[in-house]
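# Structure assessment
Single-letter residue listing:
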Amino acid sequence: MRSNAGAAQKQGTSELKFRRPSSTSLWVLQQERDQQKDDAKGSSFMESMSAHADLSTPAGTGGTRLIARVREEEGSFKAELTIFLKKEGFKEDKEMRIRGPKRKDKRYAALDVLLLKKAANAAAPKTSSYSDGSREYMGARARQRELLGKDWTEADCVKMEKEEKLKLDIFYKDVEDLSSTAAPVVEIKVEKVFKPVGPDWAKPGPITTTPWKGNWLVHERQEMSTGKHYPAIWFDTKTGVYYIRSSTTRTGFVTTTPPNKPDIHPVIFKGGSASVMSTAAPTRKDDFQVILQDLPKTGRLLKSPLVFLDMPAAFCGLFDGLRSSGAAAEFCARNFHKHLLPRLSARHTAWEDFELCDVLKETVEALDQALLASQCLFEGCSVAVMLQIGKLVAAASVGGTRVVMKRRGKPAKVVVEPHVPSDPDEARRVEQYGGNIADGEVGSNFRAVGEDEKEEELLRIRYGAHCFAVMGMSPEDVKGVKDIKEIRKIYRRKSLQIHPDKVPEHLKELASIAFGKLDAACEAVEYMLGTNNEATRTLVGLLHRFDQTNGIMNQQEATGILGVSNAAAGESVVNSSTRTIHKLLSTSVQDEVRRDVERGEQILKEAVEGLKRTWEVPPPSRRRIGCTRGLGLRDLKKPGPAVRCLPDFAEVVEIKPGDDFCIGMLSDGVSLTLEEVGVAMEKQWGRPKATSLEICRQTRGKGGQQPSVSATCMYYEHSEPEAEVKPPKRVKTDGTQVKVKHILLRHKDIKVHDPDIRPGKLASKRNLAEAESTLLDVIEELMKQDCSNFPQVCRRISECTTADNPITTAGDIGWLTKGAGPADDPILSAAFSLKVGAVSDITPSPRGLHILLRVG
């Protein structure tokens with residue numbers, strides 16, 4: 001600092017520049033300023049500057065340090081004077097701040113700064129060179145009280161500049177004119193306080209680490225594994241820069257892009273679902289649906305803030321139970337949000353198309369792992385999900401569910417196909433990992449029955465889970481092999497039986513596949529017996545015993561494989577057996593051998609896990625499934641992934657003006673053709689609940705023994721300003737009111753007392769499904785006559801007293817005002833989403849089920 005001052009004197013200039021680093025404290029800054037002043041002008045300059053009420057008093061032998069500034073806060077300005085009080089026994093001085101009133105102009109706040117500084121200087125002791133700062137503080141405090149009721153004008157600023165022979169400059173340039181010939185120019189430093197994007201920012205707690213000392217705000221996130229909240233983004237209010245933890249060191253900080261400032265897109269979303277129980281088990285619920293129409297609100301309630309998402313944001317999920325059970329579907333429906341919301345909350349920037357697909361994929365896979373770790377691990381379900389953020393919509397499916405999309409006036413199309421055994425690629429993977437397909441269903445270790453012995457042998461070889469099963473060799477057969485040449489004899493005998501030239505024409509394709517598999521299995525068995533006989537016997541024993549379990553490892557089967565009954569002892573058995581079968585591996589080992597050894601390792605691990613399981617497992621009669629992918633189903637994923645959890649995605653759709661469309665997620669029980677689904681969507685356009693009911697009803701109308709049927713439909717519309725509707729005479733409205741009529745139908749699940757029920761209407765005995773079916777018929781009846789028959793239908797069906805009004809006002813519930821009721825009032829939401837003359841979807845409320853008709 002001395003060299004800079006000396007250079008300035010040599011060049012004959014009187015200008016010095018003070019650059020303050022962002023991390024420099026006020027104490028260090030003042031020392032640097034004092035040192036530069038002493039070097040440039042000497043102690044005589046300090047006396048002359050005090051006469052002009054400078055903003056910074058030098059730290060002399062015992063002088064009081066003063067720092068003055070102008071602070072900018074929310075569009076206003078305040079004078080701030082910092083006085084450093086000296087205390088005996090303390091190494092550092094104590095900072096005391098005095099702030100002036102809020103001013104609209106920087107010059108007025110600068111005027112407050114000068115008066116506060118003059119009051120502090122005037123109160124300083126005149127007879128002693130030492131001051132502890134207390135008198136200066138009291139003098140500035142007295143002037144502060146005087147300023148509270150004072151309003152400045154531009155004339156006051158001009159007058160002060162003439163009296164003090166100085167100029168007020170509202171821009172801080174870190175430059176102070178120390179010329180002896182010119183009047184000193186007082187530079188005012190304006191500290192701008194930046195504001196972060198979005199709400200929920202808070203000051204860091206006492207134990208929260210920050211990048212460095214300063215004024216910080218933090219934004220918290222939820223830990224996905226523990227559910228605990230932690231600071232994720234740091235915001236420097238002085239610089240307006242955002243920081244996050246370094247992904248490499250996890251202790252340092254790096255700058256990051258500013259959070260997304262949420263946009264509210266003019267998009268209307270409507271979602272609804274329906275399901276019908278299986279005809280074989282009408283009381284068992286196998287399918288579950290989840291519709292979250294306001295994700296930020298859900299995240300706020302569950303302490304996973306989603307304040308950086310574009311609006312609207314919604315999620316829909318259809319969970320279709322497999323193996324004639326809804327346990328896995330219910331588990332997924334109840335826990336999906338626990339994996340989705342933290343992942344959405346963990347991102348603060350805008351979402352791209354591929355990122356929507358990535359977050360759905362990660363969520364589905366995480367949910368699958370949670371299901372496999374639960375007591376429902378042997379149950380399973382198919383899943384179809386939809387995620388909307390702003391104007392982007394992504395959809396995905398795993399298992400037997402399919403996703404259909406339809407634009408108004410155009411034919412429907414399947415955007416995500418179900419994963420079924422008829423797909424050649426899916427069937428190839430199932431067979432590669434030991435699964436099998438028969439009669440359109442997937443299972444493990446299934447023994448198909450053919451029309452004759454030859455066909456049964458071909459099926460046994462094709463669906464053999466490992467090379468010993470393909471060769472038809474049991475552990476006793478392997479143990480009895482004295483010479484490796486005996487394996488070749490077994491191969492020749494079996495190859496003659498299944499050779500494509502020796503079978504009927506309709507079996508030639510099956511024989512060709514089986515013959516190639518037999519040839520590879522023979523080479524693998526020869527290699528293993530020639531490499532290590534003991535290891536081969538251990539491996540074939542594991543594989544054969546697992547085949548007898550039909551793929552499900554419970555406590556009893558695990559005890560039989562390991563020979564122990566507790567998990568601690570099982571670990572040692574697993575380690576020993578693993579080392580033994582690993583002797584069969586080498587750098588040149590065949591793929592069939594490596595696959596079987598890895599299968600043996602997985603069986604050992606499953607056996608240890610099986611020792612801990614005490615719950616029931618699905619009986620063999622319902623272990624087969626009609627899809628090749630799904631959640632859960634541990635017996636089909638271990639030891640090899642015959643069934644896997646990998647979603648397929650539809651192309652991400654951007655909602656544009658005039659591009660209204662419907663997305664339907666259908667369970668595997670929906671047997672309608674694509675054209676029939678499209679007709680149902682077009683018929684009930686804009687009514688997702690009615691559309692879902694229509695699809696389920698038409699499926700059930702086909703008759704026969706049917707599984708459970710479920711459908712979830714979502715309608716998307718780019719909203720446009722509605723043409724102004726001329727209200728009736730003597731009614732004043734500014735667009736915040738709508739007039740509606742309604743039809744009310746109660747069901748037995750409604751328990752609240754309703755004083756507005758029509759006289760003579762007793763407690764309803766109909767269930768919810770029957771009430772929904774009745775109202776679906778009502779919608780069809782109204783649409784046939786363009787709602788001209790609404791008064792007559794209302795009087796016949798509705799159970800509200802408004803049905804007894806005069807015929808022209810039957811069902812009239814008057815004008816509804818936006819915001820007059822609860823924010824989540826379904827009647828208000830449905831009414832304000834309608835255009836004049838339109839009929840609403842089936843709308844539930846605490847009173848029952850409603851159909852609304854907007855008339856004004």
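Values in this document were obtained by computation on a predicted structure and should not be read as measured data. (Residues numbered from 1 in each chain as written. Predicted model: local features only at pLDDT ≥ 70, side-chain atom pairs only at ≥ 80, totals over all residues. Heavy atoms only, no water.)

### Some details on the confidence of the model for the protein chain
Spelled out, the test is: Scored from 0 to 100, pLDDT records how confident the predictor is in each individual residue. When checking whether two residues touch, look at their non-hydrogen atoms; a contact exists if any pair is within 4.5 Å.
Across the protein chain, the average pLDDT comes to 78, with 80% of residues at or above 70. Taken together, the stretch residues 722–732 has pLDDT below 50 and engages in nine contacts with residues farther than four places along the chain or on a different chain.

### Considerations on the packing of aromatic side chains
Here is the rule: Within 6.5 Å between ring centres, the rings of Phe, Tyr and Trp (the latter by its six-membered ring) count as paired, and their orientation is classed by plane angle as stacked under 30 degrees, edge-to-face over 60, tilted in between. Runs of H or I in DSSP of at least four residues are treated as helices and runs of E of at least two as strands, each being numbered from the N terminus. The buried label goes to any residue with under 20% of its type's maximum accessible area, the exposed label to any with over 50%, and the partly exposed label to all in between, with areas taken from a 1.4 Å probe on protein chains only. Look at NZ for Lys and CZ for Arg. If either is within 6 Å of the ring centre and within 35 degrees of the ring normal, a charge sits over the ring.
In the structure shown here, the tally under the stated rule is twelve aromatic pairs. The interplanar angle of 70° and the centroid separation of 5.5 Å between the aromatic rings of Trp216 and Tyr243 together place this pair among those described as edge-to-face. Of this pair, Trp216 sits in strand S9 (residues 216–222) while Tyr243 sits in strand S11 (residues 241–245), and the two are 27 residues apart along the sequence. The residues Trp216 and Tyr243 share a single accessibility class, namely buried. Members of the aromatic cluster, each reached through a chain of ring pairs, are Trp201, Phe235 and Tyr242. The ring of Phe288 carries Lys285 above its face, with NZ or CZ at 5.2 Å from the centroid. In this structure, Arg347 packs its charged tip against the face of Trp351, placed 5.3 Å from the ring centre.

### Some words on the pairing of strand S2 (residues 66–73)
On any regular strand, side chains alternate: one points to one face of the sheet, the next to the other face. So the rule is basically this: Note: two strands are recorded as paired if DSSP finds a minimum of 2 bridges between them.
Counting buried residues along S2, seven of its eight residues qualify, which places the element largely inside the surrounding structure. Where S2 and strand S3 (residues 76–85) come together, eight bridges link them in antiparallel fashion. Looking at the pairing, Arg71 lines up with Lys78 of S3. Remark: two residues form the turn of the hairpin made by S2 and S3, two consecutive strands paired antiparallel; Glu74 in that turn has positive phi of roughly 55°.

### Description of the sheet that holds strand S28 (residues 812–817)
We apply this condition: Angles shown run from 0 to 180 degrees and are taken between the N-to-C directions of axes, each axis being a line fitted to C-alpha atoms and, for helices, limited to the stretch in contact.
The sheet built from four strands is open, its strands ordered S28-S27-S30-S29 with antiparallel pairing. Strand pairing shows two members of the sheet lacking a second neighbour, S28 and strand S29 (843–845), which therefore form its edges. When strand polarity is set aside, the average angle formed by the axes of neighbouring strands in this sheet is 45°. Where helix H23 (residues 768–784) meets the sheet, its contacts fall on strand S27 (737–745) and strand S30 (848–854), and the angle it forms with S30 comes to roughly 15°. Along the sheet face, helix H24 (residues 790–797) touches S27 and S30 and points at about 40° away from the line of S27.

### Regarding the side chain of Asp659
Inclusion rule: Here a polar contact means two N or O atoms within 3.5 Å. Within protein one must be a hydrogen donor candidate and the other an acceptor candidate, and residues neighboring in sequence count only if both atoms are side-chain atoms.
Positionally, Asp659 belongs in the loop between strand S24 (653–654) and strand S25 (661–666). Polar side-chain contacts of Asp659 include one of 2.6 Å to the side chain of Arg407. In this structure, Asp659 is in contact with Arg407 and Glu654, ignoring residues within four places of it in sequence.

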